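So the chains spell out like this:
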Amino acid sequence: SQQGEEDPQALSIQEGENATMNCSYKTSINNLQWYRQNSGRGLVHLILIRSNEREKHSGRLRVTLDTSKKSSSLLITASRAADTASYFCATDRTNDMRFGAGTRLTVKP
Amino acid sequence: NAGVTQTPKFQVLKTGQSMTLQCAQDMNHEYMSWYRQDPGMGLRLIHYSVGAGITDQGEVPNGYNVSRSTTEDFPLRLLSAAPSQTSVYFCASRAGTYTDTQYFGPGTRLTVL
């Protein structure tokens, strides 16, 4: 069974707007990671947040983690058309990584 | 570095046929894994390896075999292909622990008729 569940399943915004995607999971984790996948391509690692961290930034990306609620969010600020992709959260327990079904983000120019 | 490479990119099989999906990495990573991605399902872990000679099952291992004779290579074997194995298969590697970034190959799109 999948561990992470992203919400929403699809998101459409205008260029320049912010995009927020959420991820909920069910069991304890060591870390949570966010990946991007362009259509027909492999996954690209975006950011990793450890279970003892609450917030992390990388460029236009901001990730939060609330282990008490078993949830995480990914914020992309000042979105660009090139950010159009599917975004996945993945929870990591030792060597067993579980992915959610993803959020499909469309950024309109 | 080439990173993680996979061959072939596309493959069509008939039910009952067997084949091997190849995966190689040139980053000297200890950990390698295989995932399948079905529409609307995200990625599911098939098998993984924490080093040469060591493999273990993931979430959906049935119908697949793996071996890890070298650090670089981690082939996935389909023993007797079934239509339910139609999917996109991704290989990934990372240096070691779960705190390391995982790198994905470009994928193999497999169709079983």
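Going by the structure above, here's the rest.
Sequence order as written defines residue numbering, which begins from 1 separately in each chain. Here chains are named by letter from A upward and ligands by number from 1 upward, in the order in which they appear as written. With the structure being a predicted model, the display of local features is reserved for residues of pLDDT at least 70 and the display and counting of side-chain atom pairs for 80 or more, all residues being used for whole-chain, interface and lining totals. Where side-chain values are given, they derive from all heavy atoms of the structure, hydrogens and water being excluded.

(A) Highlighting the overall build of chain B. Only DSSP runs of H or I reaching four residues or more are called helices, and only runs of E reaching two or more are called strands; each is numbered from the N terminus. A tally of regular secondary structure across chain B gives zero helices and eleven strands. The N-to-C order of helical and strand elements in chain B reads β-β-β-β-β-β-β-β-β-β-β. The C-alpha radius of gyration of chain B comes to 13 Å, within 12% of the 13 Å expected for a compact globule of 113 residues. For chain B, the C-alpha atoms occupy an extent of roughly 35 × 30 × 25 Å along the three principal directions. Put simply, the radius of gyration uses C-alpha atoms, and a globule should come to 2.2 Å times the residue count raised to 0.38.

(B) Highlighting the overall build of chain A. Looking only at helices and strands, chain A features zero helices and eleven strands. Start at the N end of chain A and walk to the C end: the helices and strands fall as β-β-β-β-β-β-β-β-β-β-β. Taken over C-alpha atoms, the radius of gyration comes to 13 Å for chain A, in line with the 13 Å a tight globule of 109 residues would show. For chain A, the spread of C-alpha atoms along the three principal axes comes to 40 × 25 × 20 Å. Every one of the 109 residues in chain A was classed for burial, and the buried ones make up 49%. In what follows, a contact means two residues having at least one pair of non-hydrogen atoms within 4.5 Å. For chain A, the share of sequence-separated contacts (at least 6 apart) that also reach a separation of at least 24 residues comes to 54%. Asp and Glu are treated as the negative residues and Lys and Arg as the positive ones, with His and the ends of the chain left uncounted. All charge positions are set by atom: Lys at NZ, Arg at CZ, Asp at CG, Glu at CD. Mean positive and mean negative side-chain charge positions of chain A (15 and 11 charges, respectively) differ by 2 Å. Burial classes follow relative accessibility: with a 1.4 Å probe on protein chains only, a residue under 20% of its type's maximum area counts as buried, one over 50% as exposed, and anything between as partly exposed.

(C) Main features of the sheet that holds strand E8 (residues 76-78) of chain B. Residue and element names in this part refer to chain B. Pairing within the open sheet is antiparallel, and its four strands lie in the order E1-E3-E8-E7. Among the strands making up the open sheet, the edge pair consists of strand E1 (4-7) and strand E7 (64-66). Going across the sheet, the axis of each strand differs from the next one's by a mean of 20°, ignoring polarity. Here a strand pair is declared whenever DSSP counts at least two bridges between the two strands. Sheet analysis places strand E3 (residues 19-25) next to E8, joined by three bridges and oriented antiparallel. Its bridge partner being in E8, Met19 is matched across the sheet by Leu78. Axis definition: a line fitted to C-alpha atoms, limited for helices to the stretch in contact. Angles are taken between N-to-C directions and run from 0 to 180 degrees.

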